[in-house]
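# Geometric and topological summary
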Amino acid sequence: SSDLKSASEEELEAVNEIGPIVAESIFNFFDEEQNRRLIERLLDAGITLETPDTPSEQTDIFADKTLVFTGALEHFTRSDAKKLTEQLGGRATSSVSGNTDFVVAGENAGSKLDRARELEVAVLSEDEFIKLLPEELRP
């Protein structure tokens, strides 16, 4: 948390998915003395701030990969599929581009699937996506 407390707005904006408004909000929070004192009191009282442990073999399955989900998925909501992708080191976006690594196509996939084929992006079925997941995260 000390890195976060002392980060500049520019450093915060460099974090994936943090834009200027969130960066300014975080910066302003830690800029207020009363907020810094509150954090110190919580830490002194024994509150610990830790990243949850996840087995290393499952953290990077989709490292530096961008996935797009299209069509109706049987085992996941789009939100759950996105969270799972991020948990495993990847990014889930809503549009297919030259930066997309995989398109996961469910039932009735439409224009995103067509675009993936046009750009020669790898297309996975939902079952193929599930097989890539660590066993404990499979539905």
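As a reminder, the structure under discussion sits directly above these lines.
Residues numbered from 1 in each chain as written. Predicted model: local features only at pLDDT ≥ 70, side-chain atom pairs only at ≥ 80, totals over all residues. Heavy atoms only, no water.

Counting across every chain of the model gives four aromatic pairs. Judged by centre distance (5.7 Å) and plane angle (5°), the ring pair of phenylalanine 62 and phenylalanine 129 falls under stacked. One end of the pair, phenylalanine 62, is in the loop between α5 (56-59) and β1 (66-70); the other, phenylalanine 129, is in helix α8 (residues 126-132), and 67 residues separate them in sequence. Each member of the pair phenylalanine 62 and phenylalanine 129 is classed as buried. When the ring of phenylalanine 76 is compared with that of phenylalanine 129, the centres are 5.8 Å apart and the planes differ by 80°; the resulting orientation is edge-to-face. Residue phenylalanine 76 is found in the loop between β1 and α6 (78-87), and its partner phenylalanine 129 is found in helix α8; the two are separated by 53 residues along the sequence. Here phenylalanine 76 and phenylalanine 129 have matching classes, each one buried. Ring pairing ties together the aromatic residues Phe62, Phe69, Phe76 and Phe129, which thus form one cluster. (Phe/Tyr/Trp six-rings, centres within 6.5 Å; stacked < 30°, edge-to-face > 60°. Helix = DSSP H or I, 4+ residues; strand = E, 2+ residues; numbered from the N terminus. Buried < 20%, exposed > 50% of the residue type's maximum accessible area, 1.4 Å probe, protein only.)

Right, let's talk about the packing of helix α3 (residues 20-31) against helix α4 (residues 33-44) for a bit. Where α3 meets α4, the closest approach of the two axes is 5 Å, and the angle between their N-to-C directions is 80°. The angle between α3 and α4 falls in the class roughly perpendicular. In this structure, α3 uses Phe29, Phe30 and Asp31 to contact α4, whose residues at the interface are Glu33, Asn35, Arg36 and Ile39. Each residue belonging to the contact of α3 with α4 can be placed in one class, and the counts come to three nonpolar, one polar and three charged. (Axes fitted to C-alpha atoms, helices over the stretch in contact; angles between N-to-C directions. Parallel < 35°, antiparallel > 145°, perpendicular 65-115°, else oblique. Contact = heavy atoms within 4.5 Å. Nonpolar A, V, L, I, M, F, W, Y, C, P; charged D, E, K, R; others polar.)

By themselves, these observations are geometric and do not establish any function.
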